[in-house]
Amino acid sequence: MKIAVFSTKTYDKDYFETYNKDYGFSFSFYETTLNSDTANLTKGYDIVCVFVNDIVDDTTIKILAKHGIKLIALRCAGFNNVDVEAAKSHSIKIVRVPAYSPEAVAEHAMALILTLNRKTHKAYNRVREGNFSLKNLIGFNLHNKTVGVIGTGQIGATFCNIIKSFGCNVIAFDVKENESLKKSGVSYTSLDDLFKQSDIISLHCPLNEHTKHIINKDSLELMKKGVMIINTSRGALINTADVIESLINKKIGYLGIDVYEQEENLFFEDLSEHIIQDELILRLMSFPNVLITSHQAFFTKEAMIEITTTTLQNIQAFMSGEPLVNEVI
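All of the points below concern the structure found in this document. Source: prediction; values computed, not measured.

## Regarding the packing of helix 1 (residues 10–19) against helix 12 (residues 301–320)
Across the interface, helix 1 lies against helix 12 with an axial gap of 10 Å and an inter-helix angle of 55°. As judged from the angle between their axes, helix 1 and helix 12 are oblique. Between helix 1 and helix 12 lies a crossing of right-handed hand. Seen from helix 1, the contacting residues are Tyr11, Asp12, Tyr15, Phe16 and Tyr19; seen from helix 12, they are Lys301, Met304, Ile305, Thr308, Thr309, Thr311 and Leu312.

## Comments concerning the pattern of salt bridges
As enumerated under the stated definition, the model contains 7 salt bridges in all. Ionic pairing is found between Lys88 and Glu85, a salt bridge with its closest N-O pair at 3.7 Å. A residue pair is termed a helical-turn pair when its members lie 3 or 4 positions apart in one helix, as Lys88 and Glu85 do in helix 3 (residues 84–89) at 3 residues. Connected through shared salt-bridge partners, Glu177, Glu179 and Lys182 make up one network.

## Considering the packing of helix 4 (residues 102–118) against helix 6 (residues 154–164)
Their axes nearest at 8 Å, the elements helix 4 and helix 6 cross at an angle of 50°. As summarised for this structure, helix 4 and helix 6 are arranged oblique, according to the angle between their axes. Relative to helix 6, the crossing made by helix 4 is right-handed. Counting all contacts with helix 4, which are made through Pro102, Glu103, Val105, Ala106, Glu107, Ala109, Met110 and Ile113, the residues of helix 6 involved are Gln154, Ile155, Thr158, Phe159, Ile162 and Ile163. When its residues are assigned to classes, the contact of helix 4 with helix 6 shows 10 nonpolar, 2 polar and 2 charged.

## Looking at the sheet that holds strand 1 (residues 2–5)
What holds strands together in a sheet is hydrogen bonding between their backbones, with the strands either parallel or antiparallel. Pairing within the open sheet is parallel, and its 5 strands lie in the order 2-1-3-4-5. Both outer strands of the open sheet, strand 2 (26–29) and strand 5 (93–95), are each paired with one neighbouring strand and no more. Pairwise comparison of adjacent strand axes, ignoring direction, gives a mean angle of 20° for this sheet. Two strands pair when backbone bridges link them, and strand 3 (residues 47–50) and strand 4 (residues 71–74) are joined in this way by 4 bridges, in the parallel orientation. Each bridged residue has a counterpart across the sheet, and for Ile47 the counterpart in strand 4 is Leu71.

## What about the sheet that holds strand 12 (residues 290–292)?
Sheet architecture is open: 7 strands sit in the order 8-7-6-9-10-11-12, paired in parallel fashion. Whereas interior strands pair on both sides, the edge strands pair on one side only; in this sheet they are strand 8 (187–188) and strand 12. Sheet topology note: the strand 6 (residues 146–150)/strand 9 (residues 200–203) ladder contains 4 bridges and is parallel. The residue of strand 9 that forms the bridge with Ile150 is Leu203. Contacts from helix 6 reach strand 6, strand 7 (169–173) and strand 9 within the one sheet, and its direction differs from that of strand 6 by about 170°.

## Regarding the packing of aromatic side chains
Tallied over the entire structure, the rule returns 12 aromatic pairs. With a centroid separation of 5.2 Å and an interplanar angle of 15°, the aromatic rings of Phe6 and Tyr30 are classed as stacked. Of this pair, Phe6 sits in the loop between strand 1 and helix 1 while Tyr30 sits in the loop between strand 2 and strand 3, and the two are 24 residues apart along the sequence. Taking 5.3 Å as the distance between ring centres and 65° as the angle between the ring planes, the aromatic pair formed by Phe16 and Phe27 counts as edge-to-face. Placement of Phe16 in helix 1 and of Phe27 in strand 2 is noted, with a sequence separation of 11 residues between them. The exposure classification of Phe16 matches that of Phe27, with both residues buried. Counting every residue linked through ring pairs, the aromatic cluster contains Tyr11, Phe51, Phe268, Phe298 and Phe299. When the ring centre of Tyr45 is taken as origin, the NZ or CZ atom of Lys2, which lies over that ring, is 5.0 Å away.

Conventions adopted
- Residues numbered from 1 in each chain as written.
- Predicted model: local features only at pLDDT ≥ 70, side-chain atom pairs only at ≥ 80, totals over all residues.
- Heavy atoms only, no water.
- Axes fitted to C-alpha atoms, helices over the stretch in contact; angles between N-to-C directions.
- Helix = DSSP H or I, 4+ residues; strand = E, 2+ residues; numbered from the N terminus.
- Parallel < 35°, antiparallel > 145°, perpendicular 65-115°, else oblique.
- Left-handed = near helix turned anticlockwise from the far one by under 90°.
- Contact = heavy atoms within 4.5 Å.
- Salt bridge = Lys/Arg side-chain N within 4 Å of Asp/Glu carboxyl O.
- Nonpolar A, V, L, I, M, F, W, Y, C, P; charged D, E, K, R; others polar.
- Pairing = 2+ DSSP bridges.
- Phe/Tyr/Trp six-rings, centres within 6.5 Å; stacked < 30°, edge-to-face > 60°.
- Buried < 20%, exposed > 50% of the residue type's maximum accessible area, 1.4 Å probe, protein only.
- Lys NZ or Arg CZ within 6 Å of the ring centre and 35° of its normal.

Spelled out as C-alpha cells, the structure:
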C-alpha cells in the first residue's frame, strides 16, 4: 500500500525513514497541508497520514473516498480537524496517537508559567546587551498559589503532579474525575468556581462543541484580576478577541499560548521575511505579558519517537487486518 504523508517537515521525514526500516512501507512526503484544494494529490494512494493543521473536512473526505483512500492515520492525539462522521459514511478508518508524551506537553506548560512569571526571556535578552538591571523583572512565588487545571487526562494529570511539587494548591475540572489525582490532593470543583479561585489557569482539555471558546468574555469576568492563562492544548479553546480585550483592561496579567485558533496559516513555517496578515496574532505579539510558542510543546525526541512508532504500528495493524486499538470511533 502507498502512503501519502502531509504537513511534512524535515524532522518528520527523518524519523519516519529511520523507523520505517522495520516495516518497509512506501511513503511519499508532502510539505503542503491536506485540505480540499490539495486532496487531489492523494490519487494513487491507499492511506493518508496527517497532522494537527490538516483540514480533513467533508469535502476533503469525499475526494479521498473517490481516490480509494481507506485509512486516515493521524500523527497526533486530537482529531477535531477530521470530520469523523463523513469518514464513517465513506468507510474510511481513522487512527491516532492517543498519548505520545504527556510529560513533553506538561513540562512545556510549566516552562511557559516560569518564563512568564520570572521573565527569564527578557532577562536573557537584556544581559546579552550588557543590561544587568532588574527593573520590571519582578515575579511572584508559585508556592501557595491556586492553579486551576481544565482537563485531567494524561497530560493534565501529569501537569497537576508537576505543579503540585511547587507547593501550589491545585484544583481541577473535568467531566470525568481522576481518582488518583484526588488521593494526591487535587480538588475537583465546578468550572465557574475554578475560574473564580485560580491565580493560574492551564488548559489541557480536547476541543469539541462543549469546550470551544471556553475562555471567553463571560468566563473572563469571573476570574481574578491579573490571572495567568496557559494554553498548550488547542487554539480554539480561547476566544482571541475577548482575551485581547482582557489584556488591554489588565484582567489578564499573563498569557502563555503554544496554540492559536488560526495557527494553520502561521505555525511550523518561517515567515520572518513575510508581512504577517493576521491582525489578532500581531496584536497578541505586541503585549509584553504575552508569550507565544509555535505549537512546540509536543516537540521532544521521546515524543517524536512515540508518534512515529505508534503511527507505523497503526498502519501495520490496518494492513494486516488486526484490531485497531487506536481507532477513532
